[in-house]
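# Geometric and topological summary
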Amino acid sequence: MDNRDATNDLLRKVRKIEIKTRSLSHQIFAGEYHSAFKGRGMAFSEVREYQYGDDVRNMDWNVTARMRSPYIKVFEEEREMTVVLLIDISRSGLFGTDVLTKRDMNAEIAAVLSFSAILNNDKVGALFFSDRVEKFIPPKKGRSHLLHIIREILEYEPMHDGTDVGEALRYLTNAIKKRCTAFLLSDMMDVTADGEPRYEDAMKVAVNRHDLSVIRVYDKRECEIPDVGLVHVKDSETGKDAWIDTSSKKMRNSYAAWFRSMSENAEKLFLRYKVDNVSIATDQDYVKGLIGFFQKR
């Protein structure tokens, strides 16, 4: 395939995702997104003279001194938000045993969230990460900016193979000073050999600065290994390969127990720091998952 064919193929993919996800955003998610995330903060609007019953904590002492009469600050709900998508583009995202890979589903979900934000007149930015932050697109408004993000999700080839969720969260904390709404889209398979999350410290800091939510995308074949005899497997991130005997019930049970433990440890962490989250498999309807997620907020 030459460069022109590759470009045309990419444009077709972008257009297909735009048509599908824009329709979903208009018909389904805009209202849920609006109620779940709109007006999360308060912004200064004006000052006016103090009236009986006003909260004295909002007194503007500088204006009061200058005017020699009590004045207070008036605040209103912020009508504009900044939305940042933290998108895992590590090699493990290329895995998928159904119609979509994890990366494909991340792209569609990110597009739905982006269109919902654009409909809400919010700014949208994106942070792509593997075991380091590979690309950061600062938040902006507009359809062309949104399509740029979708193209990058589909086309960007990571320079590194691993996964470091903590590094992405630290970058978010340092790059975005004003409180934002952040969605972390990842399989969250950034754990120790015992299945303990490696990103706890970074998450603890990030949730105090931003409104963070996790959308965990996984494949059903990652939950347990089927009995298909002797197979050759390779870790897409480390490059290590091995032969495993999947007919061994002990081996299959051991792996399933490890995956459950990893998932439970992540859930405990989210609960500890009050991080809203949802898990969606590549063979599931993410529409239902996102609607349920929004309604819980």
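Everything discussed here concerns the structure shown above.
What this report covers is the structure whose coordinates are included nearby.

Conventions and cut-offs
Along each chain, numbering runs from 1 in the same order as the chain's sequence is written. The predicted nature of this model means local features are confined to residues of pLDDT at least 70 and side-chain atom pairs, given and counted, to a pLDDT of 80 or more, with totals for whole chains, interfaces and linings taken over all residues. Hydrogens and waters are ignored; side-chain quantities use all the structure's heavy atoms. Residues belong to a common nonpolar core when they are buried Ala, Val, Leu, Ile, Met, Phe, Trp, Tyr or Cys residues joined through side-chain atoms within 4.5 Å. Classification of residues uses two cut-offs on accessible area relative to the type maximum, computed with a 1.4 Å probe and protein chains only: under 20% is buried, over 50% is exposed, and between them is partly exposed. Numbering of helices and strands starts at the N terminus; helices are DSSP runs of H or I of at least 4 residues and strands are runs of E of at least 2. Contact criterion: two residues are considered in contact whenever any of their non-hydrogen atoms come within 4.5 Å of each other. Each polar contact in these results corresponds to two N or O atoms within 3.5 Å; when the atoms are within protein, one needs to be able to donate a hydrogen and the other to accept it, and residues that are neighboring in sequence are counted only if both atoms are side-chain atoms. Two strands form a pair only when DSSP identifies at least two bridges running between them. A fitted line through C-alpha atoms serves as each axis, taken over the contacting stretch for helices, and the angle formed by two N-to-C directions is quoted from 0 to 180°. Throughout this description, the term salt bridge denotes a Lys or Arg side-chain nitrogen within 4 Å of a carboxyl oxygen of Asp or Glu.

### A closer look at the nonpolar core
- In terms of nonpolar packing, the biggest core is built from 31 residues, with Leu85, Ile109, Phe183, Ile215, Ile280 and Tyr286 touching the most fellow members.
- If you list the elements that add at least two residues to this core, you get β3 (82-88), α3 (102-119), β4 (123-129), α4 (143-155), β6 (181-186), β7 (211-218), β10 (276-281) and α8 (286-296).
- Among the elements that line this core, the one with the most residues is α3, at seven residues.
- With residues up to four places along the chain from it excluded, the contact list for Leu85 reads Ala110, Leu113, Ser114, Val124, Gly125, Ala126, Leu127 and Phe183.
- Of all hydrophobic cores here, the second largest spans 25 residues; its members include Leu86, Val165, Leu212 and Val275.

### A short note on the environment of Asp219
- With respect to the helices and strands, the residue Asp219 is situated in the loop between β7 and β8 (230-234).
- Under the relative-accessibility criterion, Asp219 is labelled buried at 0%.
- Note: C-alpha distance between Asp219 and Lys102 (117 residues apart in sequence) is 7.0 Å.
- A polar contact is formed between the side chain of Asp219 and the side chain of Thr282, at a distance of 2.8 Å.

### Quick notes on the sheet that holds β4
- Read across the open sheet, the six strands follow the order β5-β4-β3-β6-β7-β10; overall the sheet is mixed. Taken across any chain shown, the strands that pair with only one partner, and hence form the sheet edges, are β5 (133-140) and β10. Sheet twist, expressed as the mean angle between neighbouring strand axes with direction ignored, is 15°.
- Against the sheet, α3 touches β3, β4, β6, β7 and β10, its axis set at about 145° to β7.

### A look at the pattern of salt bridges
- Counted by the stated rule, this structure contains eight salt bridges.
- For Lys102, the salt bridge is made with Asp187, and the minimal N-O distance between the two is 2.7 Å. Of the two residues, Lys102 is situated in helix α3 and Asp187 in the loop between β6 and α6 (200-209); the sequence distance between them amounts to 85 residues. Comparing Lys102 with Asp187 shows no difference in burial state: the two are buried.
- Between Glu200 and Arg272 there is a salt bridge, with its nearest N and O atoms 2.9 Å apart. Pair noted here: Glu200 is in helix α6 and Arg272 is in helix α7 (residues 249-272), with a separation of 72 residues, a long-range link.

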